[in-house]
Amino acid sequence: MNILINNYIIPMKNLKKNLNLITAVILLCLVVVSCSDSNDNTNGTSRVVVKMTDAPGDYDAVFVEVLDVRIKNSSNSDDSGWVSVGNINPGIYNLLELTGGVTVLLADNEIPSGFVGQIRLVLGQNNSVVKDGITYPLQTPSAQQSGLKLQINQTLQPNVNYTFLIDFDVNQSIVVQAGNSGNFNLHPVLRVSTEAASGSITGVAIAGEFQVLASVTVGNEIVSAYTDENGVFYLHGIPAGTYAVTLTPDVNSNLPSVTIENVIVINGETTELGNIPLQ
C-alpha cells in the first residue's frame, strides 16, 4: 500500500523512514497555498470612473479646459509618483451645464488595485467666463498647470468599481481682480466624493419659470446645486446621515424658501424627495 501526497508516492512500508519527506511535502503545500492567497489579495485591477459636476455660480457660462486626471499612491505633498488614470476625455466644458444631476465623464479605466492617496485634475489655458453676454478670459495661475490635488486615501479592491465625483464650485472659484482691470482669475475650489462612500439627494422644485437653489449643510461646508429647466435638482456626494434640505427660489419670484427636514441619506443610494411645490 502506498500514500499519494500532492503527486508524491510514499511507500507505506517505508513510512517511518520517509516521515521527514512527508513533513516537507506538507509544508511545501502550505507555502504554495499561502503564496497563492497572498497574490490574490494584492494583484488584480479596479475600475475607476471620474466624473465632474458643478456647484452654482452667477454667470452666463464658465468654460474650463480639462487635460488629464491623475492619481498617486501616497498622500505625500511632493510631485513624484503621479500617473494618468488613462482613457481620458479631455475637452472644454461649460460648468454651468452640469446641474440638475448632469455630470461629465472625465475618465473610465481599469487600473492596478491598491492604495490611492490623491487625485489630480489638470487644467489647460483655454478657460473663460461669460458675464452679461460678454466673454472674459479666465487667468489661470501657472501653478495650476501641474494639477489641482484632492485627497482620496482609499484602498481600491480588485474587481470593484469606484466612481469619484469632482464638484467644481464656480461661485468660490472665480475671483474678480481688484481695480479697473476687470480681469477674472480662476482659483478652483473643488471637493471630491466616492459614490460608495456617499449618497445623493434629488427632487423637483415647482416654482414656475423661476430657478431654485437647493442646498444642504455637510459638516462645515454647504453643498448646493441649481435646478435645471424642469426644476430638477441633484445634490451629490452627501455622506450617510440625516439632513435639512433648503430650497431658495430666485429673488425675483417673491416665493419663500422651503426647508425639508429629516432627509435621510444612505451611502451608495439616492434619496428621492419627489415634487416640492414652492408656489
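Residues numbered from 1 in each chain as written. Predicted model: local features only at pLDDT ≥ 70, side-chain atom pairs only at ≥ 80, totals over all residues. Heavy atoms only, no water.

Colleague: Is there a simple way to think about the overall build of the chain in this case?
Modeller: Summing up its helical and strand segments, the chain has two helices and 22 strands in all. For the chain, the residues scored as buried account for 41% of the 279 residues in total. In the chain, of all internal contacts separated by at least 6 residues, the share reaching a separation of at least 24 is 70%. A total accessible area of about 14,800 Å² is found for the chain, and carbon and sulfur atoms account for 51% of it. (Helix = DSSP H or I, 4+ residues; strand = E, 2+ residues; numbered from the N terminus. Buried < 20%, exposed > 50% of the residue type's maximum accessible area, 1.4 Å probe, protein only. Contact = heavy atoms within 4.5 Å. Areas by Shrake-Rupley, 256 points an atom, 1.4 Å probe, with all protein chains shown as cover.)

Colleague: How should I be thinking about the layout of surface pockets in this particular structure?
Modeller: Rolled over the atoms, a probe sized like a water molecule indicates the empty space that remains. By volume, the largest pocket amounts to about 230 Å³. Forming the walls of the largest pocket are twelve residues, and the residues nearest its centre are Gly57, Tyr59, Leu96, Gln211 and Tyr226. Of the residues assigned to the lining of the largest pocket, the class counts are four nonpolar, three polar and five charged. (1 Å grid on protein atoms, 1.4 Å probe; cavity = no way out; pocket = protein on both sides within 12 Å on 5 of 7 lines; lining within 4 Å. Points joined across faces, edges and corners; volume = space filled by probe spheres on them. Nonpolar A, V, L, I, M, F, W, Y, C, P; charged D, E, K, R; others polar.)

Colleague: Would you mind going over the packing of aromatic side chains with me for this structure?
Modeller: Aromatic ring pairs are defined here through the distance separating the ring centres and the angle between the ring planes. Under the defined criterion, the tally for this structure stands at two aromatic pairs. With a centroid separation of 6.5 Å and an interplanar angle of 80 degrees, the aromatic rings of Tyr59 and Phe184 are classed as edge-to-face. Remark: Phe184 occurs in strand β14 (residues 184–186) and Tyr59 occurs in the loop between β3 (45–55) and β4 (61–72); sequence separation between them is 125 residues. The class for Phe184 is buried, based on a relative accessible area of 7%. Summarising the aromatic geometry, the rings of Tyr136 and Phe184 are spaced 4.8 Å apart at their centres and angled 45 degrees between planes, so their arrangement reads as tilted. Here Phe184 lies in strand β14 and Tyr136 lies in strand β10 (residues 134–139), a separation of 48 residues in the sequence. Residue class for Tyr136 comes out partly exposed when judged on its relative accessible area of 25%. Counting every residue linked through ring pairs, the aromatic cluster contains Tyr59, Tyr136 and Phe184. Looking at Lys131, its charged tip hangs above the ring of Tyr59, at a distance of 5.1 Å from the centre. (Phe/Tyr/Trp six-rings, centres within 6.5 Å; stacked < 30°, edge-to-face > 60°. Lys NZ or Arg CZ within 6 Å of the ring centre and 35° of its normal.)

Colleague: Help me understand unusual backbone geometry, please; the structure alone is not making it clear to me.
Modeller: With the exception of glycine, the majority of residues adopt a negative phi angle, and the majority of peptide bonds are in the trans configuration. Backbone geometry at Asn87 places phi at a positive 50 degrees, although glycine is not the residue there. Locating Asn87 in the fold gives a position in the loop between β5 (82–84) and β6 (91–94). Positive phi, close to 50 degrees, is recorded for Asn153, a residue that is not glycine. Summarising the element assignment, Asn153 is placed in strand β11 (residues 148–156). Its relative accessible area of 42% is what places Asn153 among the partly exposed residues.

Colleague: I tried to follow empty space enclosed by the protein on my own but got confused; where do I start?
Modeller: Using the criterion set out here, one finds one cavity of 30 Å³ or more in the structure. Looking at the largest cavity, its volume works out to about 50 Å³. Forming the walls of the largest cavity are 13 residues, and the residues nearest its centre are Thr53, Asp54, Ala225, Tyr234 and His236. Residue assignment for the lining of the largest cavity shows that the elements contributing at least two residues are β3, β18 (221–226) and β19 (232–238). Grouping the amino acids of the lining of the largest cavity by side-chain chemistry returns five nonpolar, six polar and two charged.

Colleague: It is not clear to me how the environment of Gly231 should be interpreted in this structure. Could you clarify?
Modeller: With respect to the secondary-structure elements, Gly231 resides in the loop between β18 and β19. Setting aside chain neighbours within four positions, we find Gly231 in contact with Gly203, Val204 and Ala205.

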